[in-house]
Every structure is written in structure tokens, then in C-alpha cells.
Amino acid sequence: MDSPDGRAWRPPFEQSPRHRVDSGISQEAQLSGSRLLRRNTIEKSTSTHHRVILTLLLTRRSQAAYYSIKMDEPCEITITNQDDIESANFTCSNGGPYGPYPPNIFIRDATGVLNFTQLESASGIFVTDSPQLLELYFPQLKSVEALNTTGSAALTGLYLPQMSSPSIDIDPHGDSYSLGSAYIIITGSPDLVNFDIPDTIGLSQLTLHGTPDWKISNLDSVYELESDACLSLPALETAGSLHLIGGDGSTSCFTLEKLKAVTQFNLTGIQPSEILFGTTPMTIGQMLTIESSVPNGYNDYEWLPTIAAGPIEKVDGSVLVRSNANVQIDFDSLSQVNVNLSITDNRNCTFKLNHLTDVGNLEVKDNSNTTLPSFPSLQRAESIHLRGHIKDINLFPELTHVANKVTVEASNDDFNCSDLLARSKGLTNEDLICSGGRDNVSGTTNGTPSSSPSSPPTSSTHSNLSPGAKAGIGVASAVVALCAAAVIVWFILRLRLRRKALSEGSPLQIEKIDDSGGQSSGIQENSGDDATREVEGSALPHQLEGQMVIQENPGSEIHELPATDRKPCRILPAHRGRVEGAALEHNE
């Protein structure tokens, strides 16, 4: 839809602030545009057809606000049977910013087959309260802004062979998009096997709940798509919000062979093999979510069925993987996540992220009976927090840059924090906070490494020494060992010399030690070890400069007896020399 000056119309919030005009509607509407208004309307309304009416109304008001044009509302026509169709005036219209609006068609309490042979355009077609309606034909309808059917359980055919809806220009980052294509919402029609829209190549919204499997061959762009029915979209290339809800386990339930860009991609309850991607590299602009996937009939196999994330290479926003069970989720092509990668609250799952090189904040925690993945190609991260069972100690061998901390909380006893630090190329003790397993590493405080109380104080310090420091410690240890050996050898040699001297014996000497502590007469033996001193009739050990000393107790000196006629003592020849020597020394 173009403006009077030839520009493609865009919601007000996508224009420069200086281009906005004061149209009398709220500032919120001008700033947020029709997209936000539509969401608020859906949350506040309980009637499906009223939601779509207000969607169209608010979209038009946004257009009118931008161009300051007064607008009126479309006329309304109610249809119950074929007679109402034949008598209706489908040319009624009210004015809008670019001319008259076509009517809104309300189909209520209808049964059988309805054929709108003369209707060429409509603002909206709303089908409600018609459980016995069988078929709807719109053979001449070329344009409709909204088509909504609710609760038409018996409906088997919906034919719009000439309806045209243009392709939508979608930026996966959500910065800009164009409107003007149709809204199609179909709920509660399980037998609607014939849905004919061959010329539709773009849709603003496609919502399918409670419908059979469909194939829309020419649809190449959709701003908002949500489906819990199998849907083949072989031509789809871009999408704003894409929400696929699986569960029946059909092979290739969702076919997206040409999809290359999505703003928000949500996979809920997807069964293995339900989704088929092509080989075209895919970019996610804001969010990728995989949640609540639990395979049907899982019987504790040794292998886990795989959900493949396909050719998704880059996520400019975040990835959220939560509440899945008994599956392997394979991000085989994913190399970059710019904001957050969060894997939480999963049970009995495995994850493959072998090609991930760059991530913002990485969080893997609170996953029961689940082995945490390794990141063999990860090079850069803002922060990392891992908690759970860690089998592969080589978690991120190529990591070279972490802006903040790396926190690892291992629940298994065989995990070793020091080994993790040694195997990580660019990870230092300053980056790592590690706990669990054999030891803990708690990073640094003001440049000083510290360990948690449960770890040896040297586990984190030694692991951070440079090669030069380690070499210096080795040399110093060798020198200390040599010195110790030299001291031991010297002690042994000295001990042997003293024992040799003791075994050869020494002559006895008589030494005088006076009462005041000086020398008096005594007998001294040059022995070198033990000494014996006689005190009050007993032997008292005493060592004096390596000599054996026998000393009399003070007050018990040897006195010379008066001369008698007794015969002198006879000295045996064998001891004559020693006694004479002792006497000579005494006289001196």
C-alpha cells in the first residue's frame, strides 16, 4: 500500500520521530504502531472476529495518524444462508484515507454450502457459530484483509482461487517490515482438507489450530505464523515470528526447505524427524526457542532420538533450550550467538554445539540426568556458567577470550578443576571459578590467587606459575638436595673417625682439680666419647674436651698416710710404666 506521495507505507514507529504527526490518538499508538496495538487488542478481547476487526481498525488508524487523514469504518453485512448472499449489497462502503473501504462480512449460524459469486473484495470475512457449515466458495474474491473461521467443525472446503496477497519485505532483525498482506486465522476445523489460495505469496498472519495437514505451495513470506498442524511450505524464505507446535510424530511434518531468515523462531513439542530443513544457511534475528520436546513412546533406549536444528548458522539475539526430555538436540551448523545461549531445565538430554565459536552469555545448568556438552570450537564469550555433570574435561580447548568470569560447578566427583585449567588454551586462574570434583579454583582477588576452603592451598597457585618460575623452583630444589646430601656424608665420616679413635684406646691421665673449680688430682682417659666422674662413691659421667675424666668428690681427697714399717706395695711389671708415668705427672 503506497502513500499519496508514492512512498511505501510503514507503521509510525518505524519512521523518524520528526516525521510523526499529532493525530489525536495516544502517544503509545504513534510510538508503537499497529503491531503493538494488535497484540494489546488480542490480549484484551475474547472474541476472535472482534480481535481481527480491531486489528484492521487500529492498522488503519495508524495509517490515518501518519497522514492526518480523517477516516470512517467499513459497513457490515451479516450472512446466514444463500438467500442473504443473493440480496446483499456488497458495494456498500465508507471512506478511508485512500478511498472507500470494502465491507466486513459476518457469517453466523450458517449451514450447508455458501457461494459468494459476486463478492470481489472485502475488508474482513468472519465465520462464527456455524458448526454445520460445509463449504465456502469465493470464486471472484481478489482481495481480503482478514479471513477468520472459528469452530466450523464440519467445514471441508474453503476456496479462494483468485485471492492475491503480496509478498512481505521482512528484515530478520525486526528493524522494518511492510504491511498490506492478508491475515488468515482458522481454528477448530479438523476436516478442512481443501484450502485453495494458489496466488497467495505473502501473509501478514497465518494461524492454524485444529486443522488437517496442509501444503501452501507459493507462500514465500509471512510476518506471523503459528501452526499445530503439519504444514508444508516449500517456497517460504522469510518469516517474522514462526511458531511450530509438533506432537503427532509425523515424518517431515513441517517442511521448510528454502527458509533462510526468521526474526523469532519457536519450536514447541517437536518430535524427532518432524521438521525438515533445507541446506540454505539460516539466520535468526532475535530469538530461537526449542522447548517441551518429549518423544512419544520413549523406552529408555541406549540412544536418544535427534532433533536437528538444521542449517541455523547465526543467531543475532538469543537461544533458549528448556524443558525438553529424552532427546538429543543437534546444533550442527550453529557458529555464533550474539546475546545469550541458555540451556536449562532439561531431562535426560544431550546437546551438540561442536561448531560454536562466538557466544555472548553461555548458561548451561539445572539439567537432570544430563551430561553437559563440550564446546570444542568456542573461542570468545562474554561469560560462561556451567553447572551439572561434566564428563569431558576438555570443555573449551580453543577459548581465547572471556570478558567476564567462567563459572564451572561440577556435580561429579571425578572432575578436576586443575585439569580443566591446564587443557584450556586461553583460560587463566583469574578467569575461572571452579568447584566440585577433586579440587576447587576460585579465581583471584586483587591479583592474589585464592582457593576455596575445600581445596589445597597450592592447587590454584601452582597451576598459574609461568614456565620460568617452574624452572627456577626445580633448580633450587636440586641445590637444596645436594647440600643435604653433603651434610649427611660429612656427618657419617666424622662419626666413623670418632668410633675408630675409641676402638684404638687412650692412656690414662691423672689430673688435679682443686676445690674452687680448678684442677685437682684425678685419673683421665683419652676416650673421646663417654666420661665417668666419681661422686660420693658413684661414677658420674663427665665429658671434658673429648677426654674421659674420673674426679674425686670435693672433701674426699686422697691424703698421704704416715710412714710405717709396712712393706711397700709391689707393682706388677705389666703396669709399672703407667704408674710411673702417672706419678711423674702428679709431681709436675
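See the structure shown above.
What this report covers is the structure whose coordinates are included nearby. (Residues numbered from 1 in each chain as written. Predicted model: local features only at pLDDT ≥ 70, side-chain atom pairs only at ≥ 80, totals over all residues. Heavy atoms only, no water.)

## Re the overall build of the protein chain
Using the following cut-off: Helix and strand definitions follow DSSP, with helices as H or I runs of at least four residues and strands as E runs of at least two, each counted in order from the N terminus. Between buried and exposed lies partly exposed: a residue is buried under 20% and exposed over 50% of the maximum accessible area for its type, with that area taken using a 1.4 Å probe on protein chains only. Working definition of accessibility: Shrake-Rupley area with a 1.4 Å probe, residue cover restricted to the visible protein chains.
A count of helical and extended segments in the protein chain gives seven helices and 39 strands. Sorting the 588 residues of the protein chain into buried and exposed places 43% on the buried side. Taken as a whole, the protein chain presents about 29,800 Å² of accessible surface, with 51% of it coming from carbon and sulfur.

## Digging into the side chain of Ser-318
This is how the line gets drawn: Every residue pair with non-hydrogen atoms within 4.5 Å of one another is taken to be in contact.
Mapped onto the secondary structure, Ser-318 falls in strand 23 (residues 318-322). The residues contacting Ser-318, other than those within four sequence positions of it, are Gln-286, Met-287, Leu-288, Val-337, Val-339 and Asn-340.

## Here we look at the pattern of salt bridges
Put simply, the test is: By definition, a salt bridge exists where a carboxyl oxygen of Asp or Glu is found within 4 Å of a side-chain nitrogen of Lys or Arg.
This structure, assessed with the given rule, holds seven salt bridges. Among the ionic pairs, Asp-316 bridges to Lys-314, the shortest N-O distance being 3.4 Å. Owing to a relative accessible area of 15%, Asp-316 belongs among the buried residues under this scheme. Taking relative accessible area as the criterion, Lys-314 reaches 31% and is therefore assigned partly exposed. Salt-bridge contacts for Lys-365 lead to Glu-363; the nearest nitrogen and oxygen are separated by 3.1 Å. Looking at Lys-365, the relative accessible area reads 18%, which means it is buried.

## Here's the deal with the pairing of strand 25 (residues 336-344)
Two faces belong to every sheet, and in a regular strand the side chains alternate between them. This is how it is decided: When DSSP finds two or more bridges between a pair of strands, those strands are recorded as paired.
Of the strand pairs in this sheet, strand 22 (residues 312-315) and strand 25 are connected by two bridges, and their pairing is parallel. Considered in strand 25, the bridge of Lys-314 is made with Gln-336. One ladder, built from four bridges, connects strand 23 with strand 25; its direction is parallel. Bridge pairing in strand 25 places Leu-320 opposite Ser-342. The sheet contact formed by strand 25 and strand 27 (residues 358-365) spans seven bridges and is parallel. For Val-337, the partnering residue across the bridge sits in strand 27 and is Val-359.

## Quick look at the state of the cysteines
Rules: In plain terms, two cysteine sulfur atoms within 2.5 Å form what is called a disulfide here.
Applying the stated criterion to the full structure yields two disulfides. Through a disulfide, Cys-417 is tied to Cys-434; the S-S separation comes to 2.0 Å. Here Cys-417 and Cys-434 share a disulfide; its torsion about the S-S bond, -75°, makes the bridge left-handed. Taken together, the residues span a long stretch of sequence, with Cys-417 in helix 4 (residues 417-423) and Cys-434 in strand 31 (residues 432-435) at a distance of 17 residues. In this pair, the class of Cys-417 matches that of Cys-434, namely buried.

## So, the sheet that holds strand 7 (residues 132-137)
The cut-off we apply is this: What counts as an axis is a line fitted to C-alpha atoms, over the stretch in contact for a helix, and the angles between N-to-C directions run from 0 to 180 degrees.
Taken in spatial order, the four strands line up as 5-7-9-11 in an open sheet, and their pairing is parallel. At either margin of the open sheet sits one strand with a lone partner, and together these are strand 5 (111-115) and strand 11 (194-196). For this sheet the average axis-to-axis angle between neighbouring strands, irrespective of direction, equals 15°. Bridge count between strand 9 (residues 157-159) and strand 11: three bridges; the pairing is parallel. Following the sheet pairing, Gly-157 is matched in strand 11 by Asn-194.

## Some points on the side chain of Thr-187
Tracing the sequence through the fold places Thr-187 in strand 10 (residues 182-187). Once residues within four sequence positions are removed from consideration, Thr-187 is found in contact with Thr-149, Thr-150, Gly-151, Ser-152 and His-209.

## Digging into the nonpolar core
Note the cut-off: What we call a nonpolar core is a set of buried Ala, Val, Leu, Ile, Met, Phe, Trp, Tyr and Cys residues that are connected through their side-chain atoms within 4.5 Å.
Counting residues in hydrophobic clusters, the biggest one holds 100 residues, and the most contacted among them are Phe-116 and Phe-265. Non-local contacts of Phe-116, meaning those with residues more than four positions away in its chain, are made with Ile-79, Ile-85, Phe-90, Ile-105, Ile-107, Leu-136, Tyr-137, Phe-138 and Pro-139.

## Section: the packing of aromatic side chains
To keep it simple, the criterion reads: What counts as a ring pair is set by centres within 6.5 Å for rings of Phe, Tyr and Trp (its six-membered ring), and what kind of pair is set by the plane angle: stacked under 30 degrees, edge-to-face over 60, tilted for all other angles.
Taken as a whole and judged by the stated rule, the model has six aromatic pairs. Each ring, one from Phe-106 and one from Phe-126, has its centre 5.2 Å from the other, and the planes form 25°; the classification is stacked. Here Phe-126 lies in strand 6 (residues 121-128) and Phe-106 lies in strand 4 (residues 104-108), a separation of 20 residues in the sequence. Judged by its relative accessible area of 4%, Phe-106 is buried. For Phe-126, a relative accessible area of 1% puts it in the buried group. Here Tyr-137 and Tyr-159 contribute two aromatic rings whose centre-to-centre distance is 4.6 Å and whose plane-to-plane angle is 10°, an arrangement assigned as stacked. Pair noted here: Tyr-137 is in strand 7 and Tyr-159 is in strand 9, with a separation of 22 residues, a long-range link. Here Tyr-137 falls in the partly exposed class, since its relative accessible area comes to 29%. Grouping aromatic residues by their ring pairs yields a cluster made of Phe-90, Phe-116 and Phe-138.

Honestly, that's just the spatial picture; any functional story needs more than this.
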